[in-house]
Amino acid sequence: MARTYEPVIGLEIHAQLLTASKLFCGCSTDFGKPPNSNVCPVCLGLPGALPVLNERAVRLAVRAALALNCSIVETSIFARKNYFYPDLPKGYQISQYELPFSEKGWLDIEVEGRKKRAGITRVHMEEDAGKNVHGRGGDSLVDLNRAGTPLVEIVGEPDLRSSAEAAAYMRAVRDILVFVGVNDGNLEEGSFRCDANVSLRPLGETTFGTRVELKNINSFRFVQRAIDAEIARQTVILDGGGQVLQETRSFDPESGKTASLRSKEEAHDYRYFPDPDLPPVVIGEALVEEERAAMGELPSQVRRRWVDELGLTEAAAQTLSQHPGYVRFFEGVRAQVPGLEPKKIANFMQTEVLRGAVVQGQRVSFSVSEGQLAELLTLLDAGTISGKQAKEVFALVEGTDQSPKAVVAERGMEVVSDAGELESLLRDLIARNPKQVESIRAGKKQVMGFFVGQVMKATQGSADPKVVSELLEKLVTES
Amino acid sequence: MTITRDDVLRVATLARLDLDDDSLDELVHELDRIVGYVRKLDELDTSDVPPTTQVAVSSAPLRPDEARPGLPTEVALREAPRSTPEGFRVPAFVDET
């Protein structure tokens, strides 16, 4: 009989730090430049070139570690990780090994309403390798623009128990890093990617099974599919009485399967040793405190504040705290209309504003300004326009610098709440439709809809249906 | 002898060095002497001494994050045996790291 297995999963995430220049040289980190145009003797690995550490990279790395609840190690060391690869010109990658700059963090995730705390072993700094293009007539091409780009590697504890948890964890790390201004969260351009260690053990067992490392997963969907495929593969092996081999595998999204890259026997022997070109990194208390301050509120803190103090729903708080730009926009509008219920801003942002919002890394471009939205919501709140009209006005001012107030005035969209005008309209309708009036009097309330509809038509939608209904009821019963 | 032929062969493989028998024997001999020399340190009690990797500078100097031009692409590619405007040309390989 097939046994039930428990998956044990830990992720290693690589995230690019948002610096202007590389980790150890002044070359630009701009993405999408012509191949090998952002290179110099340091990142090309030319003899005699010496690395000098980028201060901002250190600061952003510290900020990332703090946001992931890690403690900062005052003195850390850069080590050389030695291996030969075409995209690694020096023959070694500068990374941190025995003494990383931060360790022992955690992150709370939520999967299907269940909260869980996932441990983080360490966060360390390292440089990226170059980019390769394959399939050019028996050759591969190497572009070293990316070589030397600053990364943090976030090593997670093997605390995750399903592919859904792994995807939630990956997302949570991405959101936090984008939130604190460390990473652009761009999976397509490779500035955020992960490897997954996956093993199975019989349910109830406490020791770990043999793990397989899945390399270079660059989408949330793939992380889930890759892990599911690997769990299925290992289950078949274990059910058949076989043993899982320790190896590195890659996921092919087209076949939906993982394939072996190399076995344990072929595993690299990296011969790490402290890089003699780089003195120890000393991260002082002052720098740590500056980055803690720069980090500001974390998404989880923003959500708690919004729910507890502003009365937003968990779902609304979740949606609006997905990007720091959303938070700034919401808070910006709130500051302009302090009297307005925050819930109303949140609702309108979710249903209308976010649809026209375009996220690009750290930036969000909105189709309206904070000022336009504040003005529009003020008109709505004052009853000058109806909810339906607010949406229309929103669509009209999107992508323009027009004032909602001016648009409303121009189009005569103010809600007709002038009882006199509505009354004369209704009296006229009542006189012309005696049959329908009789029905209402006989208790057929649904016929009232006919009158309300006629009034809305006559006022081009600018009447408040509720006011019309009330007035109609009064007129029908009195006459 | 503390360094064996196998040790040297293993390091040679990792370093992609193809050694003939003569140079292998020579390296075994030389490395053994070097390691033996360093081993002199074992005569001292270093249990209270933190590992030291640097003596010249106590902490890494930091550089402001300012991008500046590197090498012109044609200069960067000039010494490569094979290159195209799209990159350094190398025998086909698979991304695996």
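Residues numbered from 1 in each chain as written. Chains lettered and ligands numbered in written order. Predicted model: local features only at pLDDT ≥ 70, side-chain atom pairs only at ≥ 80, totals over all residues. Heavy atoms only, no water.

A. Highlighting the sheet that holds strand β3 (residues 87–91) of chain B. Spatial strand order, β9(A)-β10(A)-β3(B)-β2(B): 4 strands in an open sheet with antiparallel pairing. Only two strands of the sheet have a single neighbouring strand rather than two, namely β9 (131–136) of chain A together with β2 (83–84) of chain B. With 4 bridges connecting them, β9 of chain A and strand β10 (residues 139–143) of chain A associate as antiparallel partners. Across the sheet, residue K131 of chain A finds its bridge partner in β10 of chain A, namely D143 of chain A. (Pairing = 2+ DSSP bridges. Helix = DSSP H or I, 4+ residues; strand = E, 2+ residues; numbered from the N terminus.)

B. Up close: the packing of helix α1 (residues 55–67) of chain A against helix α4 (residues 285–295) of chain A. Residue and element names in this part refer to chain A. Contact geometry of α1 with α4 gives a least axis separation of 9 Å together with a crossing angle of 65°. Judged by the angle between their axes, α1 and α4 are roughly perpendicular. Judged by the sense of rotation from one axis to the other, the crossing of α1 with α4 is right-handed. Only L287, V288, E290, E291, R292, A294 and M295 of α4 make contact with α1, whose side of the interface consists of R59, V62, R63, L66 and A67. (Axes fitted to C-alpha atoms, helices over the stretch in contact; angles between N-to-C directions. Parallel < 35°, antiparallel > 145°, perpendicular 65-115°, else oblique. Left-handed = near helix turned anticlockwise from the far one by under 90°. Contact = heavy atoms within 4.5 Å.)

C. Representation of the packing of aromatic side chains. Overall, the coordinates contain 12 aromatic pairs over all chains when judged by the stated rule. Relative to F93 of chain B, the ring of Y85 of chain A has its centre 5.5 Å away and its plane inclined at 90°; by these criteria the two rings are edge-to-face. Of this pair, Y85 of chain A sits in the loop between β5 (78–82) and β6 (92–96) while F93 of chain B sits in the segment after β3, on two different chains. For the pair shown, Y85 of chain A and F93 of chain B are each scored as buried. For the pair Y326 of chain A and F366 of chain A, a centre-to-centre distance of 6.2 Å together with 55° between the ring planes defines the contact as tilted. Separated by 40 residues along the polypeptide, Y326 of chain A in helix α7 (residues 324–336) and F366 of chain A in the loop between β19 (363–365) and α9 (370–381) bring together distant segments of the chain. Across from the ring centre of Y92 of chain A, 5.3 Å away, lies the NZ or CZ of K90 of chain A, which sits over that ring. The ring of W106 of chain A has R117 of chain A sitting right over it, with the charged end atom 3.5 Å from the ring centre. (Phe/Tyr/Trp six-rings, centres within 6.5 Å; stacked < 30°, edge-to-face > 60°. Buried < 20%, exposed > 50% of the residue type's maximum accessible area, 1.4 Å probe, protein only. Lys NZ or Arg CZ within 6 Å of the ring centre and 35° of its normal.)

D. View of the environment of E205 of chain A. Residues and elements named next belong to chain A. Relative to the elements of secondary structure, E205 occurs in the loop between β12 (192–202) and β13 (212–217). The sequence separation of E205 and L429 amounts to 224 residues, and the corresponding C-alpha distance is 78 Å. A distance of 3.1 Å separates a polar atom in the side chain of E205 from a polar atom in the side chain of T207. (Polar contact = N/O pair within 3.5 Å; in protein donor to acceptor, adjacent residues only side chain to side chain.)

E. Quick peek at the nonpolar core. Residues and elements named next belong to chain A. Judged by nonpolar contacts, the single largest core of 89 residues is most densely connected at L11, I154 and Y169. Excluding its chain neighbours within four sequence positions, the residues that come into contact with L11 are I154, V155, G156, L160, A166, Y169, M170, C194, D195 and A196. Within the second largest apolar cluster, 36 residues are counted, among which are V333, L340, A374 and F394. (Core = buried A, V, L, I, M, F, W, Y, C linked by side-chain atoms within 4.5 Å.)

F. Spatial organisation of a nonpolar patch on the surface. Where nonpolar side chains cluster on the molecular surface, the patch consists of L31, I34, Y37, V38, L41 and L44 of chain B and spans about 630 Å² of accessible area. Positionally, I34 of chain B belongs in helix α2 (residues 21–39). (Patch = residues over 30% accessible without salt bridge, like charges linked within 9 Å, V, L, I, M, F, W, Y side chains within 5 Å. Areas by Shrake-Rupley, 256 points an atom, 1.4 Å probe, with all protein chains shown as cover. Salt bridge = Lys/Arg side-chain N within 4 Å of Asp/Glu carboxyl O.)

G. Here's a closer look at the interface of chain A and chain B. Facing the 55 residues of chain A at the interface are 37 residues of chain B. Both faces combined, the contact of chain A with chain B buries some 3,900 Å², and carbon together with sulfur accounts for 55% of it. Counting every contact that joins chain A to chain B gives 3 salt bridges. Residue R10 of chain B is joined to D269 of chain A by a salt bridge in which the shortest nitrogen-to-oxygen separation is 2.1 Å. Linking chain A with chain B are 22 residue pairs in polar contact (both at pLDDT 80 or more). Elements with a contribution of two residues or more to the side of chain A that touches chain B: β2 (53–54), α1, β9, β10, β13, β15 (257–263) and β17 (281–282) of chain A. Considering each element in turn, the side of chain A that touches chain B owes the most residues, 4 residues, to β10 of chain A. For the side of chain A that touches chain B, the per-class residue count stands at 30 nonpolar, 13 polar and 12 charged. Direction of pairing for β10 of chain A relative to β3 of chain B: antiparallel, over a ladder of 4 bridges. Bridged to V142 of chain A within β3 of chain B is F88 of chain B. (Buried area = accessible area lost by both parts, 1.4 Å probe. Nonpolar A, V, L, I, M, F, W, Y, C, P; charged D, E, K, R; others polar.)

H. Structural context of the domain arrangement of chain A. Residue and element names in this part refer to chain A. By domain assignment, chain A separates into domain 1 (5–286), domain 2 (297–410) and domain 3 (419–478). Where domain 1 abuts domain 2, roughly 800 Å² becomes buried across the two surfaces, and 72% of that area is made up of carbon and sulfur atoms. On inspection of domain 1 and its partner domain 2, the count reaches 0 salt bridges. Our enumeration of links across domain 1 and domain 2 arrives at 2 residue pairs in polar contact (both at pLDDT 80 or more). The residue makeup of the side of domain 1 that touches domain 2, split by class, is 8 nonpolar, 2 polar and 2 charged. (Domains from an automatic or database assignment.)

I. Summary view of the confidence of the model for chain B. Residue and element names in this part refer to chain B. Taken over all residues, the pLDDT of chain B has a mean of 88, while the share at 70 or more is 97%. Averaged pLDDT values over the elements of chain B bottom out at 90 in helix α1 (residues 5–14) and peak at 96 in strand β1 (residues 62–63). Taken together, the chains of this predicted complex give a pTM of 0.83 and an interface ipTM of 0.88. (pLDDT = per-residue confidence, 0-100.)

J. Summary view of the pattern of salt bridges. Residues and elements named next belong to chain A. Considering all chains together, one arrives at 42 salt bridges over all chains under this definition. Of the charged contacts, one joins D381 and K344 as a salt bridge, the two residues approaching to 2.7 Å between their closest N and O atoms. Taken together, the residues span a long stretch of sequence, with D381 in helix α9 and K344 in helix α8 (residues 342–351) at a distance of 37 residues. Given a relative accessible area of 40%, D381 falls into the partly exposed group. Judged by relative accessible area, which is 37%, K344 ranks as partly exposed.

K. Region of the structure containing the pairing of strand β14 (residues 247–252) of chain A. Residues and elements named next belong to chain A. The pairing of β13 with β14 spans 4 bridges and is classified as parallel. Its bridge partner being in β14, K215 is matched across the sheet by S250. With respect to chirality, the unit in which β13 leads through helix α3 (residues 220–239) into the neighbouring parallel β14 is left-handed. One ladder, built from 6 bridges, connects β14 with β15; its direction is antiparallel. Looking at β15, one finds that E247 is bridged to S263. Counted along the chain from β14 to the antiparallel partner β15, the turn is 4 residues long, and its residue G256 has a positive phi close to 70°. (Right-handed = clockwise from strand over helix to strand, strands pointing away.)

L. Examining the side chain of E127 of chain A more closely. Residues and elements named next belong to chain A. Considering the arrangement of structural elements, one finds E127 in strand β8 (residues 114–127). By relative accessible area, which is 6% here, E127 ends up buried. In this structure the side chain of E127 is engaged in a polar contact, spanning 2.8 Å, whose partner is the backbone nitrogen of I94. Once residues lying within four places of it in the same chain are set aside, the contact partners of E127 are L23, F24, K90, Y92, Q93, I94, G148, T149 and L151.

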